[in-house]
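# Working through the structure, step by step
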Amino acid sequence: MIKIKNLHANVEGTEILKGIDLEVNPGEIHAIMGPNGSGKSTLANVLAGHESYEVTEGEIIFENKNIVEMAPDERAREGLFLAFQYPIEIPGVSNSVFLKTAINEIRKHKGEEEISAKDFLALIREKAEVLGMDSSLISRSVNQGFSGGEKKRNEILQLLTLNPKLAILDETDSGLDIDALKIVAHGVNKFKNDNNAVILVTHYQRLLDYIIPDFVHVLYKGKIVKSGDKNLALELEERGYDWIIKEQPQAV
Amino acid sequence: MSEEIREDIKLIEDHTSQEYKYGFVTDIEEDEFPKGLNEDIIRKISAKKNEPEWMTEWRLKAYRHWLTIKEPNWAKIHHEKIDYQNLRYYAAPKKKPELESLDQVDPELLATFEKLGIPLEEQKILSGVAVDAVFDSVSVATTFKSTLAEKGIIFCSISEAIREHSELVKKYMGSVVPQTDNYFAALNSAVFSDGSFVYIPKGVRCPMELSTYFRINAMDTGQFERTLIIAEDDSYVSYLEGCTAPMRDTNQLHAAIVELVAHENAEIKYSTVQNWFPGDKQGKGGIYNFVTKRGICKGNNSKISWTQVETGSSITWKYPSCILQGDNSVGEFYSVAVTNNYQQADTGTKMIHLGKNTKSTIISKGISAGRSNNSYRGLVKVGKNASNARNFSQCDSMLMGDQCGAHTFPYLEIDNSSATVEHEATTSKVGEDQIFYLNQRGISTEDAVNMIVNGFCKEVFNNLPMEFAVEAQKLLAISLEGSVG
Ligand SMILES: Nc1ncnc2c1ncn2[C@@H]1O[C@H](COP(=O)(O)OP(=O)(O)OP(=O)(O)O)[C@@H](O)[C@H]1O
Ligand SMILES: [Mg+2]
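Residues numbered from 1 in each chain as written. Chains lettered and ligands numbered in written order. Predicted model: local features only at pLDDT ≥ 70, side-chain atom pairs only at ≥ 80, totals over all residues. Heavy atoms only, no water.

Scanning chain A for helices and strands turns up 10 helices and 12 strands. In summary, chain A has a C-alpha radius of gyration of 18 Å against a globular reference of 18 Å for 252 residues, a match within 12%. In terms of overall dimensions, chain A has a C-alpha envelope of 60 × 40 × 35 Å along the principal axes. Restricting the contact set of chain A to residue pairs at least 6 apart, pairs at least 24 apart contribute 68%. Summed over its atoms, the accessible surface of chain A is roughly 11,400 Å², and 45% of this surface lies on carbon and sulfur atoms. (Helix = DSSP H or I, 4+ residues; strand = E, 2+ residues; numbered from the N terminus. Rg over C-alpha atoms; globule rule 2.2 N^0.38 Å. Contact = heavy atoms within 4.5 Å. Areas by Shrake-Rupley, 256 points an atom, 1.4 Å probe, with all protein chains shown as cover.)

If you want it as structure tokens, here you go:
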């Protein structure tokens, strides 16, 4: 699905990602954990093609193509999806117009017909129901005035309607109450199948109780410093990051 | 809408693609007047139009006043001094088409027509290509007019009105914008070329949007346009001015006047799309647009609503205003002003509250891109007797890039302590984060910008008649093309 090789990236001249290697295959769920500021969101943004970040070295092979030079909208149409840690508000643009445009862009890219108004409505209703979303949120402006939890759900609604190949979820669990967490996890599990993959960025084990990862990686100062299975997350929950940091050769 | 009217509109729609005359075209076959302005020229203009003596005198009075005053310089605009003696004040009649087919038209212009979805035949007319289809144009106009006439509505050119409805014109012209109002108003009053006249009798709801189907001829009104709309008690009219197609004109200076009069319980909705040539990317050659638009809510419970989408002109100087004289009268101003490249816009409104319980709403959306400057200038004035007057103003500016400017100049003059006045202003940048978010959902940067901008303008577009709103959205997209990314 995606193969990240020796990825280095700068923001405003400072190197944040310092050589990341990661391979995610279809059907897998990878969790990425790590202390604040370690570069998790940076990695997510770089994968999605945010222009503030400059890739200085390395490759991102997505579906057998190096996408380092690919524009973000093209990556999205190719099936790469990022659920934002801080979803953006777009005043005056209704959620449904936005979603419909996105769906059609992706369909067009696949050479498919535009979705009919009827099918679109049915699709949205179905997915909103999975997430227990109030239907009034669909007609409101994108994320405007949404509560923190509503914004996160809205991200997952987009995930379910756009149905990408690779979903990168950046702290989708933060700001969710415990019931919402379960609902959102249920949504992600519904999305997941053998042909797609998920990269989950999270700080908390509790999300991983509901979405079981195949691999857990620890990102620290722009590098993956430890990888393991779901038990690594349990260990982190118990012991924190200190012990891993101490294992590092040039720990300061 | 009645069946009959629907049919009329259909008939007109089917044939707007052909050239037609509907009474707005004066039958002058002569050449242009010499350059310069003096009393003799004004008398000649008046004579050409077969105007009654009082009209000639009226023009002269305006001219004499104009001579005594100076061009205003308070607006945040810069331009080279206009040499008023180097202008021609009487336009030549419409020239014969110069081109034989659309193949000879500037491809960039054609591309724009295409994007706006302007029908082929209309494209030809707009770009000066000969149209060979023969159609009895007079009959369309006549049908249209007779539908209106049945209801007692008068809709004709101001020149015709001066001749045929002299009493009405005499009573109202200059009653809202006096000849002495300002420099450009005085100039217009002296030399106005043509424009529209609308009269809606008591109790009549005008059954169609006026002027929707006349955009081609709207081009012929000349550089000193003058419009007068009168709505008697309990009447309603919605008037559309302008055209989304790019309007080119060899006359650089445009100075129009629009006067609206709403009597008791009457409502006038006036919508404008202004897309005069903005000049090239270096800012050369665009139109200077100095407009005085004002409406008076004369009667109790009357309402005037201005909606404008301003994308063209190299300079826009324009403040559609409402005088809220009747008790409980309502004034509204909804505006989108877009500037790009080197365009300058200084636009806004004045809401003058005189009657009791009067209410005004101002929603202004300014979008600046390139090296342009976009200013909102608004006055809310509450008179001594205007108890319980209420105003709400919201002025939002959006910047694209960091070489453009947005400015807000709100003025308040409150002489009655019971007034409630609220003002909100925001300035935002088209956020890279917003664009990235939309990009990340597969939407291209160009579409993303359009989406964001349209969202920003939504409250204003919601006030435009449906089809106009759709065109306005497309127009915005074209005006801002290539300004981000
Ligand atoms: N656009 C930017 N401009 C400047 N610095 C940035 C930018 N984006 C990220 N950084 C810096 O890069 C480092 C990594 O940030 P990032 O957001 O990737 O961390 P994170 O692992 O997602 O943290 P958290 O767990 O708090 O979300 C931080 O020091 C941050 O300040
Ligand atoms: Mg983060």
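There's more to say after this.
A few words on the nonpolar core. In terms of nonpolar packing, the biggest core is built from 115 residues, with A:I2, A:L166, A:L169, A:L200, B:I367, B:V453 and B:L476 touching the most fellow members. Once residues within four sequence positions are removed from consideration, B:L476 is found in contact with B:V309, B:T311, B:V336, B:V338, B:I367, B:V453, B:N454, B:C457 and B:F461. Ranked by size, the runner-up nonpolar core spans 53 residues in total, among them B:W54, B:I77, B:A186 and B:L228. (Core = buried A, V, L, I, M, F, W, Y, C linked by side-chain atoms within 4.5 Å. Buried < 20%, exposed > 50% of the residue type's maximum accessible area, 1.4 Å probe, protein only.)

Moving on: the confidence of the model for chain B. Caution applies to low-pLDDT parts of the model: their predicted coordinates are not meant to be read in detail. Per-residue pLDDT for chain B has a mean of 81; in total, 79% of the residues score no lower than 70. Contacts of residues 131–140 of chain B to residues separated by more than four positions or lying in other chains number 13 contacts, the stretch itself having pLDDT below 50. (pLDDT = per-residue confidence, 0-100.)

Bringing the coordination of the magnesium ion (ligand 2) into the picture now. Ligation of the magnesium ion (ligand 2) by protein atoms is provided by A:S41 (OG) and A:Q85 (OE1), these donors lying 1.9 to 2.3 Å from the ion. Taken together, the residues A:S41 in helix 1 (residues 40–48) and A:Q85 in the loop between strand 6 (80–83) and strand 7 (90–94) connect sequence positions 44 residues apart. (Donors = N, O, S within 2.8 Å, 3.2 Å for Na, K, Ca; no water.)

All right, on to the sheet that holds strand 3 (residues 29–33) of chain A then. All names here are of chain A. If you walk across this open sheet you meet the 6 strands as 6-9-10-3-11-12, and the pairing is mixed. Strand pairing shows two members of the sheet lacking a second neighbour, strand 6 and strand 12 (223–228), which therefore form its edges. Shown here is a sheet whose adjacent strand axes are inclined to one another by a mean of 20 degrees, direction ignored. The pairing of strand 11 (residues 215–220) with strand 12 spans 5 bridges and is antiparallel. (Pairing = 2+ DSSP bridges. Axes fitted to C-alpha atoms, helices over the stretch in contact; angles between N-to-C directions.)

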